[in-house]
Amino acid sequence: MQRLIHLLAALILLILVSLPTGPTVQAQADGERCFPEGTGYCITGRFREYWEQNGGLPVFGYPITPAREEFNRDTGQTYLTQWFERARFELHPENAPPYDVLLGRLGDDILTVQQNVDWQELPREAGPQPGCLWFDQTGHNVCDQGNGPGFKSYWESHGLLDPRLDSYGRSLALFGLPLTQPRMATNSSGDTVLTQWFERARFEWHPDQPDDFKVLLGLLGNEYSPGAPATTVVASSYPESLTAIGDTLFFSAEDGQHGDELWKSDGTPEGTRLVRDINPGPASSSAVLLMNGNGTLFFAADDGQHGTELWKSDGTRAGTLMLRDINPGAEGSRLFQFAFAGGTFFFIANDAQHGDELWASDGTPEGTRLVKDIFPGSDGSWVYQGMGFAPYLTTAVGERVFFFANDGTSGAELWTSDGTRNGTRMVRDINPGPQDTRFFELTAANGQLFFVAWDNANGYGLWRSDGTSAGTQLLRAFEPRPRSSPMDRSFPPLFGLTEFNNRLVFTAWDAEHGDELWVSDGTPEGTFLFKNIIPGAAGATPMQFTSVKGMLLFTGTNARGNRELWRSDGTPEGTVPIREIDISGDLVVRPDGTVFFLRPLTDTAGSSFELWKTDATSPGTVPIKAFTTTVNYLGPDMEMLNDTLMLSIADDRHGIELWRSNGTSGGTILVRDIYPGTTRIE
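Residues numbered from 1 in each chain as written. Predicted model: local features only at pLDDT ≥ 70, side-chain atom pairs only at ≥ 80, totals over all residues. Heavy atoms only, no water.

Enquirer: Would you explain the overall build of the protein in this entry?
Expert: Along the backbone of the protein there are 6 helices and 51 strands. Put simply, the protein has 682 residues, and 58% of those count as buried. Taking contacts inside the protein between residues at least 6 apart in sequence as the whole, the part at least 24 apart equals 48%. About 26,400 Å² of surface is accessible on the protein, with carbon and sulfur atoms providing 49% of the total. (Helix = DSSP H or I, 4+ residues; strand = E, 2+ residues; numbered from the N terminus. Buried < 20%, exposed > 50% of the residue type's maximum accessible area, 1.4 Å probe, protein only. Contact = heavy atoms within 4.5 Å. Areas by Shrake-Rupley, 256 points an atom, 1.4 Å probe, with all protein chains shown as cover.)

Enquirer: Teacher, can you tell me more about the environment of Ser-188 here?
Expert: Turning to its location among the elements, Ser-188 is positioned in the loop between strand 10 (183-186) and strand 11 (192-197). Placed 34 residues apart in sequence, Ser-188 and Asn-222 show a C-alpha to C-alpha distance of 8.7 Å.

Enquirer: What exactly am I supposed to notice about the confidence of the model for the protein here?
Expert: Low pLDDT means the predicted coordinates in that region are not meant to be read closely. Averaged over every residue, the pLDDT of the protein is 86; the share at 70 or more is 88%. Low pLDDT, under 50, characterises residues 1-30; the stretch is placed with 101 contacts to residues that sit more than four places away or in other chains. Low pLDDT, under 50, characterises residues 386-392; the predicted model gives this stretch 23 contacts beyond four residues in sequence or across chains. (pLDDT = per-residue confidence, 0-100.)

Enquirer: Which parts of the structure should I look at to understand the pairing of strand 40 (residues 551-557)?
Expert: Walk down a regular strand and you will see the side chains alternate between the two sheet faces. Among the 7 residues of strand 40, 6 are classified as buried, and the element is accordingly described as predominantly covered. Relative to strand 40, strand 39 (residues 543-548) runs antiparallel, the two sharing 4 bridges. The partner of Thr-546 across the bridge, within strand 40, is Leu-553. Remark: 2 residues form the turn of the hairpin made by strand 39 and strand 40, two consecutive strands paired antiparallel; Lys-549 in that turn has positive phi of roughly 50°. (Pairing = 2+ DSSP bridges.)

Enquirer: Explanation requested: helix 5 (residues 167-175) in the structure shown.
Expert: Residue pairs spaced three or four apart in an α-helix point in one direction, given the helix's 3.6 residues per turn. Within helix 5, 7 of the 9 residues are buried, which leaves the element mostly enclosed by the surrounding structure. Of the residues trailing helix 5, Gly-176 is marked for its positive phi of about 80°.

Enquirer: Explanation requested: the pairing of strand 37 (residues 514-520) in the structure shown.
Expert: Where burial is concerned, most of strand 37 is hidden: 7 out of the 7 residues are buried. Where strand 36 (residues 503-510) meets strand 37, 7 bridges bridge the pair, whose relative direction is antiparallel. Among the inter-strand pairings, Trp-509 is bridged to a residue of strand 37, identified as Asp-515. Here strand 37 folds back onto strand 38 (residues 527-531) in antiparallel fashion, the turn holding 6 residues, of which Gly-522 has a positive phi close to 95°.

Enquirer: What is the right way to read the pattern of salt bridges from this model?
Expert: Close approach of charged atoms allows side chains of opposite charge to pair. Scanning the model with the defined rule gives 19 salt bridges in all. Taking the shortest distance from any N to any O, the salt bridge between Glu-580 and Arg-560 comes out at 2.5 Å. A residue pair is termed long-range when its members are at least 10 positions apart, and Glu-580 in strand 42 (residues 575-580) and Arg-560 in the loop between strand 40 and strand 41 (563-568) qualify at 20 residues. Between Arg-599 and Glu-610 there is a salt bridge, and its shortest N-O distance comes to 3.0 Å. A residue pair is termed long-range when its members are at least 10 positions apart, and Arg-599 in strand 44 (residues 595-601) and Glu-610 in strand 45 (residues 608-614) qualify at 11 residues. A relative accessible area of 15% places Glu-610 in the buried class. Here the residues in one salt-bridge network are Arg-33, Arg-48 and Glu-52, joined through shared partners. (Salt bridge = Lys/Arg side-chain N within 4 Å of Asp/Glu carboxyl O.)

Enquirer: Would you mind showing me how to read the side chain of Ser-568 here?
Expert: Positionally, Ser-568 belongs in strand 41. For Ser-568, a relative accessible area of 2% corresponds to the buried category. Here Gly-570 takes part through its backbone nitrogen, which lies 3.1 Å from a polar atom of the side chain of Ser-568. For Ser-568, the side chain forms a polar contact with the side chain of Thr-575, separated by 2.7 Å. Beyond its immediate sequence surroundings of up to four residues, Ser-568 is in contact with Phe-500, Phe-530, Met-551, Leu-552, Phe-554, Gly-574 and Thr-575. (Polar contact = N/O pair within 3.5 Å; in protein donor to acceptor, adjacent residues only side chain to side chain.)

Enquirer: How should helix 1 (residues 45-53) be read in this particular structure?
Expert: Taken together, the buried positions of helix 1 are Phe-47, Tyr-50 and Trp-51. Within helix 1, the buried residues cover an arc of 100° as seen down the axis, which keeps them to one side. Looking one or two places after helix 1, you find Gly-55, whose phi comes out positive at around 135°. (Arc of directions from axis to C-beta.)

Enquirer: What am I meant to see in the sheet that holds strand 20 (residues 296-302) here?
Expert: Consider a sheet: its strands pair through backbone hydrogen bonds, and that pairing is either parallel or antiparallel. If you trace the 4 strands from one edge of the open sheet to the other, you get 19-20-21-22, paired in antiparallel fashion. The open sheet has two free edges, formed respectively by strand 19 (288-293) and strand 22 (321-324), since each of these has just one partner strand. Each strand axis lies, on average, 35° off the axis of its neighbour in the sheet, ignoring direction. Both strand 19 and strand 20 contribute to a ladder of 4 bridges, which runs antiparallel. Directly across from Met-291, in strand 20, lies its bridge partner Phe-298. (Axes fitted to C-alpha atoms, helices over the stretch in contact; angles between N-to-C directions.)

Enquirer: Would you take a moment to explain the state of the cysteines for this structure?
Expert: Simply put, the disulfide is a covalent bond whose two ends are the sulfur atoms of two cysteines. Tallied over the entire structure, the rule returns 2 disulfides. Two residues share a disulfide in this structure: Cys-34 and Cys-42, whose sulfurs sit 1.9 Å from each other. Measuring handedness by torsion sign, the sulfur bridge of Cys-34 and Cys-42 sits at about 105° and is right-handed. The exposure class of Cys-34 is buried, given its relative accessible area of 6%. The exposure class assigned to Cys-42 is partly exposed, which follows from its relative accessible area of 24%. Here Cys-132 engages in a disulfide with Cys-143; their sulfurs sit 2.0 Å apart. Taking the torsion about the S-S bond as the criterion, the Cys-132 to Cys-143 disulfide, at about 110°, is right-handed. With Cys-132 in the loop between helix 3 (106-114) and strand 8 (133-135) and Cys-143 in the loop between strand 9 (140-142) and helix 4 (151-157), this residue pair connects regions lying 11 residues apart in the sequence. (Disulfide = S-S within 2.5 Å.)

Enquirer: What's the story with the sheet that holds strand 10 in this structure? I'm lost.
Expert: Ordered by their spatial adjacency, 4 strands build an open sheet running 10-11-12-13, and the pairing between neighbours is antiparallel. Among the strands making up the open sheet, the edge pair consists of strand 10 and strand 13 (215-217). On average, adjacent strands in this sheet sit at an angle of 45° to one another, irrespective of strand direction. Sheet topology note: the strand 10/strand 11 ladder contains 4 bridges and is antiparallel. The residue of strand 11 that forms the bridge with Arg-183 is Thr-195.

This is the structure:
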């Protein structure tokens, strides 16, 4: 499946830990180091040096294969490769040490290939948790467990030994980004433990072990290597990217015959069917980034000949077609940052001539075109800033879209477009000269653009814009968070911008109150702390803001350290708790005002959840149905189809399939077992 965070793949490396006492080994005259008491395999040359210098047995485990030439599916090249219990080494002699030995992204590989889970298409967490590391790139926190060291401490204290990297960079080079929330799961050794997946590792929490061994790394090499035994599991269709358009729900799924393809459903078994086998046969088109464009479905897919390109669908096979082969050939145009405004579909694409630039489409092949070559030449104007991915940084406001771009002169700055070349222009050079302004969130509220940015003169700030330079105004500057961790240097002190009753609500941090609820009417004097939920500097960290019939629902941490569901009528005194409960993912609103959400069940072996509903009162906040499973996946997806809740969720009988709910236990039923039976994971 498409990997939006491909720019981080070059960091496939490893870690720095205190070197432990080595296992019994058998040294050979030719420099080999063998492990007769382990697997019997040997390491030599650069693989031996890397193994010994960067952690040895606790980090990599024993070798489980000899060194041999293997094909890398990500690069399409063959490298000298050796598998270990927890890692895969690849030799790249074209790179200078320590990067001549690179590590496989086994966490990503196991989730994507073995479990067929596109973690990038599943819901993000609502925002940072107190005392945790927040990774906006993937939308997950990394926290310690209890009062002692845990996942956060382990991540921060380990990293690749490279003096050119800071502490954060070394840890990122070792483990990569977190891909999931922590969940109870049963590992390959049969232990049911708290588990969190990263690009190159799986953290496991073993509370009964001594402190130094409470966090252990999963045996990903054993589980994924070519020699690992096959297992039989309940088959799953993995419905993803649930998108409602009128009376039709579109999503991607696989049925065991056609690969991961575009499907649709009207909520009935007979109305749930494949739209088109875009990449014919068992191969997958991997339809992603599904978006409603004025009643037409726009999405990205790969038909096996043209690479990933822009497609549209009206729900019929004949009406599902590629709009344009933007980058001719099999490489694809690398689509991202979808937005729809004024009857025009906007996106970023690369045609191999102009780099990553703004494109637009009216839904016809001839109307799918480059809007403007903002940075002339092949470099492209889109700038990767390390924080924020679609859909957060290309935002529709009325008839226009706002985005950030670099024209080669002013650095990364705020731009706007109406879909024409002349109507595509820089709004304001916030950080004058060639230096970038750093953008974090762009949100439409009350007909204006609100955004979070950082510049040299003001630091972090909340801004608003009407699309003109004069009308682009700093509303309030916010002091940076304490630099207690590397992530705090880049994560802004405000987040979660959400429109509510013609105003903007958000969470912001200051030293006196911590993370609390703020509001803005679009003026400096109207931007202020709305309610200090927890007196003092602890902060309630409000998240998951959802507007429901003139009321705001959100979650926050209470003085006992537990999460609660809150409601607000727009006044401080009318902002009150509803019920103490942990909520995973978004709140989903039915037209009648009923709100659905999921409570994680952390005392089960798999990724289990309980479906709840609320009418914003304590008595009306009740469970509907529990979905218990030993299946480990990244969490459910929910979408309203008219007045019916549609869910992609797992149970032990069917795996991860499509369900529907009318808000009652009896009315929460499986729509269709798209991929029935069992399947083998090699």
